[in-house]
Amino acid sequence: TEEKGIDTLIKAAKLYENNDTLTILAGNGEMFEKMNDLVDKLEVKNLIFIKNQPHEILRKLYNLADVSIVPSRQEAFGLVVVEAMACGTPVIGSNTGGIPDIINNNVGILIDVDDYKNLANEITLVINGTKTFDSNHIAKYALDKYSQEQFTKMVIDVYEEVIENQKRRSQKI
């Protein structure tokens, strides 16, 4: 969809691509044909679309990737960010929605929405080894903060806080 900012990544790919890079885009949606046309128009050579894939394949891709890119214009939470990080892959994501709540300098990079030139620059710094990340740290961070157990605990904590606030309000009445 328009909100995913795939056009930003395609424009960036034109700037960073070389014979040693391959950009793989997983997913399919209303903008699929338009994004294929943009790839052709910009003559991006090393970018492929693999459409929607099962989680097993996505995990393999995250584990193979040097970096995962989430160039969204809007993103409520950013589950794909957590999924990539759980595999130890650093993430470059847009500074919007829930993404900045997940990404910090130890696990990835934040960029301004639609800033394809900066995105290309940051991707280049990661893939050429100028900016490095500790994959074990990234995976541990994702597990410690976003595992099912941690998420369940967070939901219970919020629920308990709501109940406690309701009790306090009831006592005041």
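Conventions adopted
Here the residue numbering is sequential within each chain, running from 1 through the sequence in written order. Residue-level local features of this predicted model are given only where pLDDT is at least 70; pairs of side-chain atoms are given and counted only at 80 or more, and the full residue set underlies all totals for whole chains, interfaces and linings. Neither water nor hydrogens contribute to the side-chain values; these are computed over all heavy atoms in the structure. In this text, buried Ala, Val, Leu, Ile, Met, Phe, Trp, Tyr and Cys residues form a nonpolar core when linked through side-chain atoms within 4.5 Å. Burial here depends on accessible area, computed with a 1.4 Å probe over protein chains only, as a share of the maximum for the residue type. Under 20% is buried, over 50% is exposed, and the range in between is partly exposed. Note on conventions: DSSP H or I runs of at least 4 residues are helices, E runs of at least 2 residues are strands, and numbering of each starts at the N terminus. Contact between two residues is taken to exist if any of their heavy atoms lie within 4.5 Å; hydrogens are not considered. Axis lines are fitted through C-alpha atoms, for helices just across the contact stretch, and the angle between N-to-C directions can take any value from 0 to 180 degrees. Small angles under 35 degrees read as roughly parallel and large ones over 145 as roughly antiparallel, with 65 to 115 read as roughly perpendicular and the rest as oblique. Each crossing gets its handedness from the near helix: less than a right angle anticlockwise from the far helix is left-handed, clockwise is right-handed. Three categories are distinguished: nonpolar for Ala, Val, Leu, Ile, Met, Phe, Trp, Tyr, Cys and Pro, charged for Asp, Glu, Lys and Arg, and polar for the others, with Gly belonging to the last. Here, any two strands with at least 2 DSSP bridges between them count as paired. Within 6.5 Å between ring centres, the rings of Phe, Tyr and Trp (the latter by its six-membered ring) count as paired, and their orientation is classed by plane angle as stacked under 30 degrees, edge-to-face over 60, tilted in between. A patch consists of residues whose relative accessible area exceeds 30% and which take part in no salt bridge; residues with like charges are grouped when within 9 Å of each other, and nonpolar side chains (Val, Leu, Ile, Met, Phe, Trp, Tyr) when within 5 Å. Here the open area of atoms and residues is found with the Shrake-Rupley method and a 1.4 Å probe, where only the protein chains shown may cover a residue. Think of a salt bridge as a Lys or Arg side-chain nitrogen and an Asp or Glu carboxyl oxygen that are within 4 Å of each other.

Moving on to the nonpolar core. By size, the foremost hydrophobic cluster in this structure holds 21 residues, and its most contacted members are Ile10, Ile92 and Leu119. Residue assignment for this core shows that the elements contributing at least two residues are α1 (6-16), α2 (32-42), β5 (108-111) and α6 (116-127). Of the residues forming this core, the biggest block, 5 residues, is contributed by α1. Beyond its immediate stretch of four places on either side in the chain, Ile92 contacts Val67, Ser68, Ile69, Val70, Ile109, Ile111, Leu119, Glu122, Ile123 and Val126.

Across the interface, α1 lies against α2 with an axial gap of 10 Å and an inter-helix angle of 20 degrees. In this view, α1 runs roughly parallel relative to α2, as classed from their interaxial angle. Both α1 and α2 take part in a crossing whose hand is right-handed. Between α1 and α2, the contacting residues are Ile6, Asp7, Ile10, Lys11 and Lys14 on the first element and Met35, Leu38, Val39 and Leu42 on the second. Looking at the contact of α1 with α2 residue by residue, the classes come out as 6 nonpolar, no polar and 3 charged.

In this section: the sheet that holds strand β3 (residues 68-70). Pairing within the open sheet is parallel, and its 3 strands lie in the order β3-β4-β5. The sheet terminates laterally at β3 and β5, the two strands that pair on one side only. This sheet shows a mean twist of 15 degrees between the axes of neighbouring strands, independent of strand direction. Relative to β5, strand β4 (residues 91-94) runs parallel, the two sharing 4 bridges. Within β5, the position partnered with Val91 by the bridge is Gly108.

Glancing now at the packing of aromatic side chains. By the definition in use, this model includes 3 aromatic pairs. Ring centres of Phe32 and Phe49 lie 5.3 Å apart, and the angle between their planes is 70 degrees; this geometry places the pair in the edge-to-face category. Of the two residues, Phe32 is situated in helix α2 and Phe49 in strand β2 (residues 47-51); the sequence distance between them amounts to 17 residues. By relative accessible area, which is 13% here, Phe32 ends up buried. Taken together, Phe77, Tyr141 and Tyr146 form an aromatic cluster joined through their ring pairs.

A cluster of nonpolar side chains, namely Phe151, Met154, Val155, Val158 and Val162, defines an oily patch on the protein surface of about 440 Å² accessible area. Of note, Val158 is situated in helix α8 (residues 148-172). Using a relative accessible area of 47% as the deciding quantity, one classes Val158 as partly exposed.

Function cannot be inferred from these measures alone, as they are strictly geometric.
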